[in-house]
Amino acid sequence: MKVLQKIGDVIDSIFSFVVVIMIGAMVLITTAQIICRIWFTALSWSEEVTRFLLIWATFLGASCVYRRSGNIAITAVQNLFPEKGKKVLRIVVHLVCLCLFAIVLHYGIQYCNKQVRTAAALPIKMKYIYMCLPIGMGVCMYHAFVMMLEEIFGKGETN
């Protein structure tokens, strides 16, 4: 169990770092675009790169948020249950999320495989842009699985 948690922590740390770099790059590129548009010639690639960075940051960031339980949660129903019921409900929620992530992963892979066109301003195949979907959902699945096991077996315990 601890090994699974450590792997999740490493993935989360790497993705968090990458997301921060992507957001910083988006700010720098957008600033450069504004400066170039006012005083020079507009950059032809900046809008597309910024959009692609946003897409990647969204899906990689989603896995970080899920791992840290930072997503919005409605706990009114959960609070009606006794402690054992809350635990079962959390396990069910992680199981439902795991299934949802698996479905999105499946269709994300299919969508990536169908992409043959390249980006408008950059020589990048769109399948590489859309790969953030299966990567993000695969990591979300991993986190959901580990968090479900943590609920079942308890945090930090080995099995």
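The structure under discussion appears in the preceding block.
Residues numbered from 1 in each chain as written. Predicted model: local features only at pLDDT ≥ 70, side-chain atom pairs only at ≥ 80, totals over all residues. Heavy atoms only, no water.

On to the side chain of Q5. Assignment of secondary structure puts Q5 in helix α1 (residues 2–39). A distance of 3.0 Å separates the side chain of Q5 from the side chain of E150, its partner in a polar contact. (Helix = DSSP H or I, 4+ residues; strand = E, 2+ residues; numbered from the N terminus. Polar contact = N/O pair within 3.5 Å; in protein donor to acceptor, adjacent residues only side chain to side chain.)

A few words now on the environment of L105. Relative to the helices and strands, L105 resides in helix α3 (residues 83–114). Sequence separation between L105 and G136 is 31 residues; the distance between their C-alpha atoms is 8.3 Å. If near-sequence neighbours (up to four positions away) are discounted, L105 is found in contact with P134, M137, G138 and M141. (Contact = heavy atoms within 4.5 Å.)

Attention shifts here to the state of the cysteines. Under the counting rule described, the total for this entry stands at 0 disulfides. Of all cysteine sulfurs in the structure, the one in C112 sits closest to C132, which takes part in no disulfide; the separation is 7.5 Å. You can call C132 buried: its relative accessible area is 1%. (Disulfide = S-S within 2.5 Å. Buried < 20%, exposed > 50% of the residue type's maximum accessible area, 1.4 Å probe, protein only.)

Let's shift gears to the nonpolar core. As a rule of thumb, soluble globular proteins bury nonpolar side chains together. The biggest cluster of nonpolar side chains holds 18 residues, and the ones touching the most others in it are M22, F52, L53 and L60. Breaking this core down by element, the ones donating at least two residues are α1, α2 (46–67), α4 (126–130) and α5 (132–153). Per-element tally for this core: the top contributor is α2, with 7 residues. Residues contacting M22, with those up to four places away along its chain left out, are L53, W56, A57 and L60. Listed in part, the 11 residues of the second largest apolar core include F101, M137, M147 and M148. (Core = buried A, V, L, I, M, F, W, Y, C linked by side-chain atoms within 4.5 Å.)

Under the defined criterion, the tally for this structure stands at 6 salt bridges. D9 serves as the salt-bridge partner of R67, at 2.9 Å between the closest nitrogen and oxygen. One end of the pair, R67, is in helix α2; the other, D9, is in helix α1, with 58 residues separating them in the sequence. Overall, D9 belongs to the partly exposed group, its relative accessible area being 37%. One salt bridge connects E150 with R67, and the closest N-O pair in it is separated by 3.8 Å. With a gap of 83 residues between them, E150 in helix α5 and R67 in helix α2 connect regions that are remote in the sequence. Here E150 and R67 have matching classes, each one buried. (Salt bridge = Lys/Arg side-chain N within 4 Å of Asp/Glu carboxyl O.)

For the rest of this paragraph, the subject is the packing of α3 against α5. Packed helices, taken two at a time, are described by their axes: the angle between them and the distance between them. Across the interface, α3 lies against α5 with an axial gap of 8 Å and an inter-helix angle of 160°. Relative to α5, α3 is oriented roughly antiparallel. By crossing handedness, the relation of α3 to α5 is classed as left-handed. (Axes fitted to C-alpha atoms, helices over the stretch in contact; angles between N-to-C directions. Parallel < 35°, antiparallel > 145°, perpendicular 65-115°, else oblique. Left-handed = near helix turned anticlockwise from the far one by under 90°.)

Taken together, the side chains of I34, I35, I38, W39 and F40 define a hydrophobic patch exposed on the protein surface, amounting to about 600 Å² of accessible area. As for its position among the elements, I34 is in helix α1. (Patch = residues over 30% accessible without salt bridge, like charges linked within 9 Å, V, L, I, M, F, W, Y side chains within 5 Å. Areas by Shrake-Rupley, 256 points an atom, 1.4 Å probe, with all protein chains shown as cover.)

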